[in-house]
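Given next are the chains, with one letter for each unit.
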Amino acid sequence: MTTATPAAERLYQSGFGNEYASEAVAGALPQGRNNPQRAPFDLYTELLSGTAFTAPRRENRRTWLYRRQPSVVSGRYQPYAQAHWTTGADREIALPPEPLRWNPLPLDGAAEADFIDGMHTIAANGDAEAQVGIGSLMYLAGRSMERRAFVNADGEMLVVPQQGRLVITTELGVLDVKPGEIALLPRGMAFKVALPDSEAGAGPSRGYVCENYGAHFRLPELGPIGSNGLANARDFQAPVAAFEDGGGAYELVKKFGGRFWKAPAKQSPFNVVAWHGNLAPVKYDTANFMVIGSISFDHPDPSIFTVLTSPTDTPGTANCDFVIFPPRWMVMENTFRPPWFHRNLMSEFMGLVLGEYDAKPGGFKPGGASLHNCMVPHGPDEEAFDKAAHSDLKPHKLDNTLAFMFESRLRFIPTNFALQSPALDTDYANCWAGLQDQFKP
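Keep in mind it's a predicted model, so treat the numbers as computed, not measured.

**Describing unusual backbone geometry**
So, point 1. Positive phi, normally seen in glycine, also occurs at Met375, with a value near 65°.
So, point 2. Judged by its relative accessible area of 46%, Met375 is partly exposed.
So, point 3. Backbone geometry at Asn400 places phi at a positive 50°, although glycine is not the residue there.
So, point 4. Mapped onto the elements, Asn400 comes out in the loop between strand S26 (396–398) and strand S27 (402–408).

Shown next as structure tokens:
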């Protein structure tokens, strides 16, 4: 079984959106053509198209697979129950224009769930059928997916582990992803997730997921920044070909049109011996993000922290921006350094992976989440404001911290699960109640 390679010895290919090529057996990758009459070693040729055939070349995503058995070979699909993973916005929920925050979701019962069964939608917008919008989810899981695989036909998945490592086996190879790293899994590609820390007795794993129904994530344009900076393409890592050897039945679970289905398969779907193309899963270590900030005065817009963006037909207005707030130096003079109070056209779903968030040092916990929808006022709490307004403005490094944001042009609507969760912080707004009128004419 070629996927048994230890994590420390795992090989990767470098780049984002590259024309990758990989073979697990020498000579398995056809040369000079994509679809020979007979593929090497009598493998089957299969094309996975992530965009329409006629999408512009700069946006076209597809990968050729050379596999031991085509993915069309499976049993009949039957309905599968996953009540907590919902899709798109529920327009029946009346949501007041108020900020919302959740404490870390309790891990009760998570030990019995795997990555798929442990998925919970917290808030979502848009419509997967219209290929617009995103879902903001959290997974709570303590069991590895063994002889089971998952395919998401509704969107690509951006995975942000918060607690516990993930070993993600995909059709194209294996990714080892730890907290502080992220993984991007293409729409329609089979994968399974093992939880080595949970299996070793460290307790359940937890993390965040953006299910992107819209245009695929890409690196943002850099504009005046120039040709280098933020997340550099060379720091993304794609897997090398690896296939599972040996027989044994699998269960295939598929998300399709917001519903879940299962089917039996006599052989592993991870049977791709060679592949080439530019549609591939990747991982990225956020420690490699080149932070850009002010070295004179004022606090720049948070868009300078964008790692990946899913664009819309309105230039500069994203279906989703994935933004991180990693360790960084604060040196601005005569400047209020935490994020300012603001109201935003875009809606913001935020999570905390590690440490403290400088605008909410006490109330925002790792594993928690907050939601500030379109034009909902938000900003630093009373403690953060008082500290920043009166501190000595020496150079200061924000360290041991990692927060992130899924920012979208569409309003997020929380699910009933999220609104009824005991983790919902019903006193969130009180963190601003002590901000007094200090006007001194």
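**Here's the deal with the pattern of salt bridges**
So, point 1. Inspection of every chain in the model, using the stated rule, returns 20 salt bridges.
So, point 2. When the shortest N-O distance is used, the salt bridge between Asp313 and Arg409 registers 3.8 Å. Taken together, the residues span a long stretch of sequence, with Asp313 in the loop between strand S21 (306–310) and strand S22 (320–325) and Arg409 in the loop between S27 and strand S28 (413–414) at a distance of 96 residues.
So, point 3. In this structure, Asp392 engages Lys394 in a salt bridge whose closest nitrogen and oxygen atoms are separated by 3.8 Å. Judged on exposure class, the residue Asp392 and its partner Lys394 are both exposed.
So, point 4. Three or more residues are tied together by salt bridges with common partners; here these are Asp114, Asp117, Arg148 and Glu251.

**A word on the sheet that holds strand S1 (residues 12–14)**
So, point 1. Within the open sheet, the 9 strands sit side by side as S1-S16-S20-S13-S10-S15-S8-S7-S28. Their pairing is antiparallel. Single-partner strands in this sheet number two, and they are S1 and S28.
So, point 2. Two elements, strand S7 (residues 119–124) and strand S8 (residues 134–141), share 5 bridges in a ladder whose sense is antiparallel. When the bridges of S8 are listed, Ala123 appears paired with Ser136.

**Concerning the nonpolar core**
So, point 1. In this structure, Leu158, Val307, Leu308, Phe322 and Phe406 are the most contacted members of the largest nonpolar core, which totals 62 residues.
So, point 2. With 24 residues, the next largest nonpolar core counts Met119, Met145, Leu185 and Leu195 among its residues.

**Section: the packing of aromatic side chains**
So, point 1. In the structure shown here, the tally under the stated rule is 22 aromatic pairs.
So, point 2. An angle of 70° between the planes, with centres 4.7 Å apart, marks the rings of Tyr208 and Phe404 as edge-to-face. In this pair, Tyr208 is assigned in strand S15 (residues 205–212) and Phe404 in strand S27, connecting sequence segments 196 residues apart.
So, point 3. Residue Tyr208 is classed as buried on the basis of its relative accessible area of 0%.
So, point 4. Ring-pair connections join several aromatic residues into one group, and the members of that group are Trp85, Phe115, Tyr139, Phe150, Phe191 and Phe260.

**So, the sheet that holds strand S4 (residues 62–67)**
So, point 1. One open sheet holds the 4 strands; their spatial order is S2-S19-S4-S3, and the pairing between them is antiparallel. Each having just a single partner strand, strand S2 (20–23) and strand S3 (44–49) make up the two edges of the open sheet. Going across the sheet, the axis of each strand differs from the next one's by a mean of 20°, ignoring polarity.
So, point 2. Judged from the 5 bridges that link them, S4 and strand S19 (residues 272–277) form a sheet pairing that is antiparallel. Its bridge partner lying in S19, Leu65 is registered against Trp275.

Rules used throughout
Residues numbered from 1 in each chain as written. Predicted model: local features only at pLDDT ≥ 70, side-chain atom pairs only at ≥ 80, totals over all residues. Heavy atoms only, no water. Buried < 20%, exposed > 50% of the residue type's maximum accessible area, 1.4 Å probe, protein only. Helix = DSSP H or I, 4+ residues; strand = E, 2+ residues; numbered from the N terminus. Salt bridge = Lys/Arg side-chain N within 4 Å of Asp/Glu carboxyl O. Pairing = 2+ DSSP bridges. Core = buried A, V, L, I, M, F, W, Y, C linked by side-chain atoms within 4.5 Å. Phe/Tyr/Trp six-rings, centres within 6.5 Å; stacked < 30°, edge-to-face > 60°. Axes fitted to C-alpha atoms, helices over the stretch in contact; angles between N-to-C directions.

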